[in-house]
Structures are given as C-alpha cells and as structure tokens.
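If you want the building blocks of each chain, they are given just below.
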Amino acid sequence: MEPIVAAGIRFIALDRPGYGHSSYHARQRLADAATDVACLAEHLGIERFAILGYSGGGPYAAACAHFLPDRVRTAGLVSCVGLLAEPGSEAGMMGINRLVSRLARLSQQAAYPAFAFSTWYCRRWPEQSLASAAHQIPPCDLEVLNQPDIRAATLREFQRSTLGSAAAAAQDFALFSRDWGFRLEDISVPVHVWQGDADRNVPAAHARLLARSIPNAQLHECPGEGHMLIFDRLEDILRTLTAIDT
C-alpha cells in the first residue's frame, strides 16, 4: 500500500468493506472499522494519527474516534451521513437517497434491490448513469463532477461496480439507520465537521446535529457548496487535521 501525498501531507486512503478492492463483510458493524484501522496502524508502525471520513465513511471515522481515543489525535467528518434513525433525517435529500433511507430503516434486505439495480445500471450504462445523476445534484457539485479527471474517475468506478458494493451500500444505510453502537456524546478526541449548505446527498442538518452531539466539535459550514466540497477543500481539511494545535 503506497501512501498518497497531498498538500505535502502523506495519508492512506482505505476502502470500506465491499467497496473498491475491499471484500464485502457480512454483518459488519461500525465498531469493526476501529479494529481494522488499529490493525493497519500496528502493521505500518503508526502510533497516533488523524482520521478523515467522507460521506458514508464519516460514521466509520466517528467510530474510530470513539473506540481508539489513545491513537486518533483528531477526526474529520466531511459531508458525513448522520443519524438516519432520527425523524425527518431524509428531509432535503435527493429522491433516491430518501427512498433507500426509508427502506433501510426496515432492513438491509429491503434496501438491497434498489442498490443492486443502481449498480447494474451504472456498470452497463455508465455515461447514462452519470447524466442521470447530473440532473439531481446542485450546480456546485455538477461543476466539480464535470472536471475531466473527476468525471473519468467516476465513470471508472461505475464500470467497476459489483453486487458486493451494492450489498455494502445497503448494509451501510441499515447501519446508519439504527443505533451506531456508541454515543456521539462520548467521543473525547477533537473532531472537525465540514458541510456544504447546498448538499442534496447529505442535508446540512446532519452535520449540525453531529456537531451539537460531539463534545467541542468544530463545525465548518461552507455556504454555496455541496456534497463534493472535499475536492476543492482537501488541502485545507488535511492541514486542519494535522495541525499541532488542533
């Protein structure tokens, strides 16, 4: 595994189970992320580190912050999915996210067919899938998505979609829709939360609730920005998380 360097900062990008090159794990729990990350840190000889979770990776990063307080020096949650069990949590989401959030409250099995169809469609017709997505996202996200390198990377990911990633997505939404297995109020490490107020994947209300619930969390609201704000703000985010006085 080769580290990535951005803004002069070395970091390692991890695929959640079932995504990218990572195998799907049935009966995954958010707490399992902390075990996986601790094992990787041991293997690499890393004692303390900052952790960043984007979108659906946010709850996993929060779990690491909770279960590994002696190792995680600070955590960043960017466009982070919040507590989907909260009443009205899907308000402001695009249609497909509202649908799968409601189905996931019933069970992982109820949400799976929607993800399986989406995965099949994206793999078979990636260009059409991207065009369909473009009609649902705000202009600020469309501007990011239309950048040639990001567009090409998105199409590659669509073509690599598997039923394993569909199962992982259904499992994730089910996990996010019930008790996370820990209390946000018990997180003791410094946490930064970044959120765009134009986000239609994860409404800004999610970030505000996370910031209110996690002791001393700092909320960075980004007016006029959407779900993909991480692409333009990555340097600032990494510098914030690795600052000595964070």
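Quick caveat: nothing in here was measured; it's all calculated off a predicted structure.

Thresholds, definitions, all that
- Within any chain, residue numbers begin from 1 and follow the written order of that chain's sequence.
- Given that the model is predicted, a residue must reach a pLDDT of at least 70 before its local features are reported, and side-chain atom pairs must reach 80 or more before they are shown or counted; all residues, however, enter totals for whole chains, interfaces and linings.
- With hydrogens and water stripped out, all remaining heavy atoms of the structure feed into the side-chain values.
- A carboxyl oxygen of Asp or Glu within 4 Å of a side-chain nitrogen of Lys or Arg is what we treat as a salt bridge.
- Each helix is a run of H or I in the DSSP string that is no shorter than four residues. Each strand is a run of E no shorter than two, and both are numbered from the N terminus.
- Per-residue accessibility, obtained with a 1.4 Å probe over protein chains only, is compared with the maximum for each type, and a residue is labelled buried under 20%, exposed over 50%, and partly exposed between these values.
- By convention, a stacked pair of Phe, Tyr or Trp rings (six-membered ring in the case of Trp) has centres within 6.5 Å and planes under 30 degrees apart, an edge-to-face pair has planes over 60 apart, and any other such pair is tilted.
- Charge over a ring is defined by NZ of Lys or CZ of Arg lying within 6 Å of the ring centre and within 35 degrees of the ring normal.
- One less than the number of residues in a helix, times 1.5 Å, gives the span that helix is expected to have.
- Only heavy atoms enter the contact rule, under which two residues are in contact if any of them lie within 4.5 Å.
- For two strands to be treated as a pair, DSSP must find at least two bridges joining them.
- Assignment of crossover handedness uses the view with strands pointing away from the viewer, where a clockwise path from the first strand over the helix to the second indicates a right-handed crossover.
- Both site types are read off a 1 Å grid over the protein atoms alone. A 1.4 Å probe that fits but cannot get out defines a cavity, while an open set with protein on both sides within 12 Å along at least five of seven lines defines a pocket; lining residues have an atom within 4 Å of a point.
- Grid points are joined across faces, edges and corners, and a volume is the space filled by probe spheres set on the points.
- Residues are grouped as follows: Ala, Val, Leu, Ile, Met, Phe, Trp, Tyr, Cys and Pro are nonpolar; Asp, Glu, Lys and Arg are charged; every other residue, Gly included, is polar.
- Only residues whose relative accessible area exceeds 30% and that take part in no salt bridge are eligible for patches, with like-charged residues grouped when within 9 Å of each other and nonpolar side chains (Val, Leu, Ile, Met, Phe, Trp, Tyr) grouped when within 5 Å.
- What sets the accessible areas is the Shrake-Rupley method with a 1.4 Å probe; for residues, cover comes only from the shown protein chains.
- Axes here refer to lines fitted to C-alpha atoms; in helices the fit is confined to the stretch in contact. Angles between the N-to-C directions go from 0 to 180 degrees.
- Any angle between 65 and 115 degrees counts as roughly perpendicular, while under 35 counts as roughly parallel, over 145 as roughly antiparallel, and the rest as oblique.
- Less than a right angle of anticlockwise turn of the near helix away from the far helix marks a crossing as left-handed, whereas a clockwise turn marks it as right-handed.

## Observations regarding the pattern of salt bridges
- A full pass over the atoms with the stated rule returns 12 salt bridges.
- Here Arg151 and Glu127 are joined by a salt bridge, their closest N and O atoms 2.8 Å apart. Residue Arg151 is found in helix H7 (residues 148-159), and its partner Glu127 is found in helix H5 (residues 126-134); the two are separated by 24 residues along the sequence.
- Accessibility expressed as a relative area gives 29% for Arg151, which makes it partly exposed.
- Glu127 gets classed as partly exposed once you look at its relative accessible area, which sits at 42%.
- For Glu225, the salt bridge identified is with Arg233, shortest N-O distance 2.6 Å.
- Glu225 gets classed as buried once you look at its relative accessible area, which sits at 19%.
- Members of the salt-bridge network, linked through shared partners, are Glu90, Arg102 and Arg105.

## Remarks on the packing of aromatic side chains
- Overall, the coordinates contain 10 aromatic pairs when judged by the stated rule.
- A ring pair is formed by Phe67 and Phe182, whose centres lie 5.7 Å apart and whose planes are at 75 degrees; its orientation type is edge-to-face. Residue Phe67 is located in helix H2 (residues 58-67), and its partner Phe182 is located in the loop between helix H8 (163-176) and strand S5 (191-196); the two are separated by 115 residues in the primary sequence.
- Looking at Phe67, the relative accessible area reads 34%, which means it is partly exposed.
- Among the aromatic residues, those joined into a ring-pair cluster are Tyr60, Phe67, Phe115, Phe173, Phe176, Trp180 and Phe182.
- Lying over the aromatic face of Tyr19, Arg16 brings its terminal NZ or CZ to 4.5 Å of the ring centre.

## A short note on H8
- Relative to the 20 Å expected for 14 residues at 1.5 Å per residue, H8 spans 20 Å between its end C-alpha atoms, a close match to the ideal helical length.
- Residues of H8 that are buried include every one of Ser165, Ala166, Ala167, Ala168, Ala169, Ala170, Gln171, Asp172, Phe173, Ala174, Leu175 and Phe176, and no others.
- Elements that come into contact with the buried residues of H8 comprise helix H1 (30-44), H2, helix H3 (95-106) and helix H4 (108-124).

## Here we look at the pairing of S5
- Taking burial as the measure, the six residues of S5 include six buried ones, the bulk of the element.
- Both faces of S5 are covered, namely the face carrying Val191, Val193 and Gln195 and the face carrying His192, Trp194 and Gly196.
- Two elements, S5 and strand S6 (residues 218-222), share five bridges in a ladder whose sense is parallel. Bridging from a neighbouring strand, Gly196 pairs with Cys222 of S6.
- What joins S5 to S6 is helix H9 (residues 204-213), and the crossover it makes is right-handed.

## Side note on the layout of surface pockets
- Of the volumes computed, that of the second largest pocket is approximately 200 Å³.
- Lining the second largest pocket are Leu83, Ala85, Glu86, Arg178, Asp179, Trp180, Phe182, Arg183, Leu184, Glu185, Leu209 and Ser213.
- Split into classes, the residues belonging to the lining of the second largest pocket amount to six nonpolar, one polar and five charged.

## Examining a nonpolar patch on the surface
- A contiguous nonpolar patch, built from Phe117, Trp120 and Trp125 and spanning about 330 Å² of accessible area, is present on the exposed surface.
- Counting through the fold element by element, Phe117 comes out in helix H4.
- A relative accessible area of 52% means that Phe117 is categorised as exposed.

## Some remarks on the packing of H4 against H5
- Two elements in contact, H4 and H5, have axes whose closest approach is 5 Å; the angle formed by their N-to-C orientations is 120 degrees. When the axis of H4 is compared with that of H5, the two are oblique. Residues Tyr121, Cys122, Arg123 and Arg124 of H4 form the contact with H5, whose own contacting residues are Pro126, Gln128 and Ser129.

## Points about the packing of H5 against H7
- With their axes 9 Å apart at the nearest point, H5 and H7 run at an angle of 120 degrees to one another. When the axes of H5 and H7 are compared, the pair comes out oblique. Crossing angle aside, the handedness with which H5 passes H7 is right-handed. The residues of H7 that touch H5, namely those facing Pro126, Glu127, Ser129 and Leu130, are Arg151, Thr154, Leu155, Phe158 and Gln159.
- Partitioned by chemical class, the residues of the contact of H5 with H7 number four nonpolar, three polar and two charged.

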